[in-house]
Amino acid sequence: MPENVHPALPRFDELPVTPGAPPHSAWGLWGPDDQLGTLNLLTPERIAAAARLIQTGKRFALNWSLELPSPPLFGREALQHTIKQRRHLVNDDVYHNFNPQSSSQWDGLTHYGNMTAQRFYNGVTQAQITGGPDTRNGIQVWARKGIAGRGVLLDYQRWAAAQGIAYSPGERHEISVEALQAVAQAQGIQFLPGDILLVRSGWIAWYISLSQPEREALAPPPHTAVGLAQGEATLRFLWDQHFAAVAGDAIAFEAYPAHPQHGFMHETLLALWGMPIGELFDLEALAEDCAADGRYAGLFTSAPLNTLGGVASPPNAMFIK
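So, here is what we can say about the structure in this document.

In this structure, the largest pocket occupies an estimated 310 Å³ of space. Around the largest pocket, the lining comprises 16 residues; the ones closest to its centre are Asn-114, Thr-116, Glu-267, Thr-268 and Leu-272. Elements represented by at least two residues in the lining of the largest pocket include exactly helix H7 (232-240) and helix H8 (266-273). Examining the composition of the lining of the largest pocket, we find that three residues originate from one element, H8, more than from any other. Here the lining of the largest pocket is built from residues that sort into seven nonpolar, seven polar and two charged.

The following block contains the structure:
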């Protein structure tokens, strides 16, 4: 059994767990009606253990500005915010064109299905995604539980710079499993089941350095960006470590665009495993502090929007050390 593989959970090569389910799927692992996916790994015991990692009480909010990137990528809507004065010294907010995937986001389990199986997580069909009381796999299921556990930051960009590996975060650059393992070793990290994996590629820092004309030129497709290498080796690594969720600071967790042979890992992580994918997380301040004190694990919390049938949500995420 590979190191750190939880003995009570199947290995990647033992998937699927349900006869007749798509290859490499975890459908049925937590029951036929489950809508939490790998967030089931966030047990009370693991959350309590993560809380005990807090030493300084330093808090790092991981949401980027709702107004960035500007203009948004992938043709998504730009947030419009109006302060509405109701009467003297009394104001409300009104948000227009609010697309929860235009900035920092969790991709929910109805964001991306598996194109081969023609299904979403646990066999849910498009017709079952209604947004009504009977809707399936909506973000409200996560919201009503909340997300909390041991967060682990892998600062790939800082490690790559130390190794003399040069790349532009705005160009397609694959982060291999071997590189992730080397970063973890350099940082003294041992993965535990239920970890929430955060990977810093430096995309947000790169974007902030751009001029407004450069940002506007970047907005129309096609888009390219750094991210994890697509393919079975990465999938095996992510599953066999039994991460509860994964997130990065780039436009997709995977190197973008999809690999012509290996496809797009969204189809496996979201649709076959029920594993939340975070994108455009602001990891800059956290990475600076981790590099200063050598501590890359802490308590991670997230409160997604409690929207019935929601496809995605700002993470409302915090990392506490």
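Here the narrative resumes.
Among the six residues in strand E11 (residues 297-302), five count as buried, and that is most of the element. Sheet topology places E11 next to strand E13 (residues 317-320); four bridges connect them, and they run antiparallel. Across the sheet, the residue bridging to Thr-301 is Met-318, located in E13.

Further remarks concern the pattern of salt bridges. A full pass over the atoms with the stated rule returns 13 salt bridges. Where Arg-86 meets Asp-92, a salt bridge forms, and the shortest distance between an N and an O atom there is 3.1 Å. For Asp-92, a relative accessible area of 32% gives the class partly exposed. A salt bridge links Lys-321 to Asp-289; the nearest nitrogen and oxygen atoms lie 2.8 Å apart. Here Lys-321 is found in the segment after E13, whereas its partner Asp-289 is found in helix H9 (residues 284-293), with 32 residues between them in sequence. Exposure remark for Asp-289: the relative accessible area of 11% places this residue in the buried category. Linked through salt bridges whose partners overlap, the residues forming this network are Lys-58, Asp-289, Asp-293, Arg-295 and Lys-321.

We now examine the packing of helix H4 (residues 177-187) against H7. Packing of H4 against H7 leaves a shortest axis separation of 9 Å and a crossing angle of 40 degrees. Taken together, the axes of H4 and H7 lie oblique to each other. In this structure, H4 uses Val-177, Leu-180 and Gln-181 to contact H7, whose residues at the interface are Ala-233, Thr-234 and Phe-237. Class assignment of the residues belonging to the contact of H4 with H7 gives a composition of four nonpolar, two polar and no charged.

Procedures and definitions
Here the residue numbering is sequential within each chain, running from 1 through the sequence in written order. Note on the predicted model: pLDDT of at least 70 is required for a residue's local features to be given, and 80 or more for side-chain atom pairs to be given and counted; whole-chain, interface and lining totals, by contrast, use all residues. The side-chain values count all of the structure's non-hydrogen atoms but skip hydrogen atoms and water molecules. Every definition here rests on a 1 Å grid over the protein atoms only: cavities are sets of points where a 1.4 Å probe fits but cannot get out, pockets are open sets enclosed by protein on both sides within 12 Å along at least five of seven lines, and lining residues have some atom within 4 Å of a point. Grid points are joined across faces, edges and corners, and a volume is the space filled by probe spheres set on the points. Only runs of H or I of at least four residues qualify as helices and only runs of E of at least two qualify as strands under DSSP, and these elements are numbered from the N terminus. Classification used: nonpolar for Ala, Val, Leu, Ile, Met, Phe, Trp, Tyr, Cys and Pro, charged for Asp, Glu, Lys and Arg, polar for all others including Gly. For every residue, the accessible area obtained with a 1.4 Å probe (protein chains only) is divided by the maximum for its type, and the residue is called buried under 20%, exposed over 50%, and partly exposed between those limits. For two strands to be treated as a pair, DSSP must find at least two bridges joining them. Each salt bridge in this description consists of a side-chain nitrogen of Lys or Arg and a carboxyl oxygen of Asp or Glu lying within 4 Å of one another. Axis definition: a line fit to C-alpha positions, over the contact stretch in the case of helices; interaxial angles, taken between N-to-C directions, run 0 to 180 degrees. Small angles under 35 degrees read as roughly parallel and large ones over 145 as roughly antiparallel, with 65 to 115 read as roughly perpendicular and the rest as oblique. Contacts between residues were defined by any pair of non-hydrogen atoms, one from each residue, lying within 4.5 Å.

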